[in-house]
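Structural features, examined
Letter by letter, the chains look like this.
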Amino acid sequence: QTSEEILQHLQNIVDFGKHVMKQFFGENYVHHGEIIQLPLDFVRQLCLKIQPERPESRCDKDVDALSGYAMCLPNLTRLQTYRFVEHRPILCVEIKPKCGFIPFSSHVSQEIKHKVCRYCMHQHLKVANGKWKRPSKYCPLDLFSGNKQRMHFALKSLLQEAQNNLKIFKNGELIYGCKDDQDCVSDWNELARHLKPFFFPSNGLVSGPHCTRTIIKELIHIITMTLLSSTDACRAGDMKTVPISQGRSYCEASAFNKELVRNGKHKLASSGLPRGCLLYKTLQAQMLDMLDIEGLYPLYSRVEQYLEEFPEERSTLQIDGPYNEAFYEKLLDLSTEDDGTVAFALTKVQQYRIAMTAKDCSIMIALSPCLQDECSEQRPVVLTSKSRFTFSVSVLDLDLKPYESIPHQYKLDGKIVNYYLKNVQAKDDPVMPSLFKENEDCTLVLHKV
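In the nomenclature of an unreviewed UniProt entry, the protein chain corresponds to Inositol-pentakisphosphate 2-kinase from the organism Pterocles burchelli. We quote the UniProt Sequence similarities (unreviewed entry) comment for the protein chain here in full: "Belongs to the IPK1 type 2 family."

Along the protein chain, the regular secondary structure elements total 13 helices and eight strands. A total of 449 residues make up the protein chain; the buried ones form 47% of that total. At a minimum sequence separation of 6, the contacts of the protein chain that also span at least 24 residues come to 76%.

This part takes up the environment of Gln 163. Structurally, the position occupied by Gln 163 is in the loop between helix H5 (148–160) and strand E4 (166–170). Taking C-alpha positions, Gln 163 is 7.4 Å from Trp 132, a pair spaced 31 residues apart along the chain. Setting aside residues up to four positions removed in sequence, Gln 163 forms contacts with Tyr 119, Gln 123, Trp 132, Arg 134, Pro 135, Ser 136 and Cys 178. A distance of 3.4 Å separates a polar side-chain atom of Gln 163 from the backbone oxygen of Arg 134.

Soluble, globular proteins show a tendency: their nonpolar side chains are buried together. Ranked by size, the top nonpolar core spans 87 residues in total, and within it Val 20, Phe 24, Phe 25, Leu 159, Ile 168, Leu 219 and Ile 354 carry the most contacts. It is helix H7 (residues 209–227) that provides the largest number of residues to this core, a total of eight residues. Ignoring any residue separated from it by four or fewer positions in sequence, one finds Val 20 in contact with Asp 15, Tyr 323, Phe 327, Tyr 328, Leu 331 and Ile 354. Core analysis: the next-biggest nonpolar cluster, separate from the first, contains 17 residues, Leu 307, Ile 319, Leu 346 and Val 349 among them.

Let's shift gears to helix H6 (residues 188–199). Those residues of H6 lying buried are Trp 188, Leu 191, Ala 192, His 194, Leu 195, Lys 196, Phe 198 and Phe 199. Here H6 starts with a cap whose side-chain oxygen sits 3.2 Å from the backbone nitrogen of Asn 189, and that cap is Asp 187.

Turning our attention to helix H8 (residues 255–262). Within the sequence span of H8, burial applies to Phe 256, Asn 257 and Leu 260. Taken end-on, H8 shows its buried residues confined to a sector of 100 degrees, consistent with a single buried face. In this structure, the buried side of H8 is in contact with helix H4 (140–143) and H5. Where H8 begins, the side chain of Ser 254 points an oxygen toward the backbone nitrogen of Phe 256, at a separation of 3.1 Å. At the C-terminal side of H8, Gly 264 shows a positive phi close to 70 degrees.

The tally for this structure, following the rule as stated, stands at 15 salt bridges. With a shortest N-O distance of 2.7 Å, Asp 320 and Arg 314 are connected by a salt bridge. With relative accessibility at 24%, the residue Arg 314 sits in the partly exposed group.

With that settled, consider the confidence of the model for the protein chain. When the pLDDT values of the protein chain are averaged, the result is 85; 83% of them are 70 or greater. Segment residues 430–439: pLDDT under 50, and nine contacts once partners within four positions in sequence are set aside and those in other chains are kept.

Let us look at the packing of helix H9 (residues 278–286) against helix H12 (residues 342–359). For any two helices packed against each other, the geometry is given by the interaxial angle and the distance between the axes. Remark: H9 packs on H12, axes separated minimally by 7 Å, with the N-to-C direction vectors making an angle of 145 degrees. Contact residues: H9 offers Thr 282, Ala 285 and Gln 286, while H12 offers Ala 355, Ala 358 and Lys 359. Taken together, the residues that form the contact of H9 with H12 break down as three nonpolar, two polar and one charged.

Below, the discussion takes up a nonpolar patch on the surface. Nonpolar side chains collect at one region of the surface, where Phe 42, Leu 46, Ile 50 and Val 63 lie side by side and expose about 310 Å² of accessible area between them. Within the fold, Phe 42 resides in helix H2 (residues 40–50). Note on Phe 42: relative accessible area 43%, which makes it partly exposed.

Now for the packing of aromatic side chains. The final tally for this structure, using the stated rule, is 11 aromatic pairs. Measuring from centroid to centroid gives 5.6 Å for Phe 24 and Tyr 328, while their planes differ by 75 degrees, and the two rings are edge-to-face. Here the residue Phe 24 occupies a position in helix H1 (residues 3–25), and Tyr 328 occupies one in helix H11 (residues 325–330), the gap between them amounting to 304 residues. Using a relative accessible area of 1% as the deciding quantity, one classes Tyr 328 as buried. The structure contains a cluster of three or more aromatic residues connected by ring pairs, namely Tyr 297, Tyr 300, Tyr 403 and Tyr 410.

To continue, consider the environment of Val 93. You can see Val 93 is positioned in strand E3 (residues 91–95). Between the alpha carbons of Val 93 and Lys 170 there is a distance of 9.0 Å; along the sequence they are 77 residues apart. Sequence-distant contacts of Val 93, defined by excluding residues within four places in its chain, comprise Leu 166, Lys 167, Ile 168, Leu 219, Ile 223, Ile 363, Met 364 and Ile 365.

On to the pairing of strand E6 (residues 362–369). Across the eight residues that make up E6, a large majority, eight, are buried. Taking every second residue as pointing to the same face, both faces of E6 are buried, with Ser 362, Met 364, Ala 366 and Ser 368 on one and Ile 363, Ile 365, Leu 367 and Pro 369 on the other. Bridge analysis of E3 against E6 gives five bridges, and the strand direction is antiparallel. Bridging across to E6, Cys 92 finds its partner in Ala 366. Pairing analysis gives eight bridges linking E6 to strand E8 (residues 388–396), with the strands arranged antiparallel. The partner of Ser 368 across the bridge, within E8, is Thr 390.

About the criteria used
Each chain carries its own residue numbering, running from 1 in the direction its sequence is written. Where local features are concerned, this predicted model is filtered to residues with pLDDT of at least 70; where side-chain atom pairs are given and counted, the filter is 80 or more; whole-chain, interface and lining totals use all residues. With hydrogens and water excluded, all non-hydrogen atoms of the structure serve as input to the side-chain values. UniProt positions are given in the numbering used here, feature names are shortened, and annotations may be inferred rather than shown by experiment. Each helix is a run of DSSP H or I of at least 4 residues and each strand a run of E of at least 2, with the numbering of both proceeding from the N terminus. Only protein chains enter the calculation, and the probe is 1.4 Å; a residue is then buried if its accessible area is under 20% of its type maximum, exposed if over 50%, and partly exposed in between. Contacts were defined at the residue level, with two residues in contact if any of their heavy atoms lie within 4.5 Å. Think of a polar contact as two N or O atoms within 3.5 Å of one another; within protein, one of them needs to be a possible hydrogen donor and the other a possible acceptor, and neighboring residues in sequence only count if both atoms come from side chains. Within this scheme, the nonpolar core is defined by two criteria: the residues are buried Ala, Val, Leu, Ile, Met, Phe, Trp, Tyr or Cys, and they are joined through side-chain atoms within 4.5 Å. The directions from the helix axis to the C-beta atoms form the arc being described. The working definition used for a salt bridge is a side-chain nitrogen of Lys or Arg within 4 Å of a carboxyl oxygen of Asp or Glu. Note: pLDDT gives the predictor's confidence per residue, expressed from 0 to 100. To get an axis, a line is fitted to the C-alpha atoms, and for a helix only the part in contact is used. The angle between two axes follows their N-to-C directions and goes from 0 to 180 degrees. Classification convention: Asp, Glu, Lys, Arg as charged; Ala, Val, Leu, Ile, Met, Phe, Trp, Tyr, Cys, Pro as nonpolar; all other residues, Gly among them, as polar. Exposure above 30% relative accessible area and no salt bridge define the residues that can form patches, which grow by joining like charges within 9 Å and nonpolar side chains of Val, Leu, Ile, Met, Phe, Trp and Tyr within 5 Å. For every accessible area listed, the method is Shrake-Rupley and the probe measures 1.4 Å; residues are considered covered only by the protein chains on display. Ring geometry is summarised as follows: Phe, Tyr and Trp rings, the Trp one being its six-membered ring, pair when their centres sit within 6.5 Å, and such pairs are stacked at plane angles under 30 degrees, edge-to-face over 60 and tilted between the two. Two strands make a pair as long as DSSP finds a minimum of two bridges between them.

Shown next as structure tokens:
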């Protein structure tokens, strides 16, 4: 690419964060960054310096050392919404929550997609492909349920099998989580050693497994409280894309759900998320995927066909930007009645790209201990049994998913579902009593004798 094209690409990322994602998530949560110019010699030196630190899976991607343009973003492992005493230690938890709902679209062709979430199905394919050694017990629907019991279970599962969905930093240094696609050994005792000064500053607890469990419990509690907190308003906050109840609020493959069924309990109701919290806003943006990839793909093909005939229309249709106020306004059309036009198809395609971005974003929770007299009214504060923290929540990885990636998503969706049906559900089925399957409607028919 030319320098001009790279500059334009970076400008699009900044504009998309500024004019679109800020409207969905709110001013305080989104840091869109700014474009800066760097001396080329500095960039070359930087490339050499960071190369040994890069994960193996990233080394086939080159850092752009020719254009001299870069994006300057805050370090969210340290960032706080308010000014702090610089020497104060900061703990930061990064969570990639993934998709928090089950498709409710009538375009879905396989019934299993209405019962088991995408993340739980994808886990099996990833393990089969050797990406991870074991499937995680984490299910996004538990985290997005708003039910504290389910959220605690989800976070504990993430801590047990972090994969690339959870990382913990202390003063900007990674202390827990995968550095690469490898087998991650979760050493909770080591993690507890790092966290103890944060949660039990007076060192009142002796060390040992009890201490470790207590500290992990405190960590899970504090993450839950910050995720349910609300510190920002945004324009799209009241935009109800679809009643959450329209989709299922639980996933049949969730380890938490299976445990309930095993214990003969009924489904634990979803408490629902507070409207202002970041998880709620993330879920609303994700639910712009109203048609599922199966309903979306024919609309993508319609846009493609139109572009083949009229390639000059690509910029008018704003497929590659500019991501401005006008682009955002078009996203608010939530109708699902297809009138056969290219305009309708394009709106759905753009909404799907936003949804995909929201399904892949990361949430950063930065926590810093504060003394009682320091915690003023202006700062959000969360309490644990022995400490109090001031915190900020941010969202990152908000680059718009490429228009060109839609065919790949369509193929991948088919792969995930087919693998699950063939290798997982087929094995699970014989275990279920053949007469009454979970959630299956049964009809008793009486015949006159």
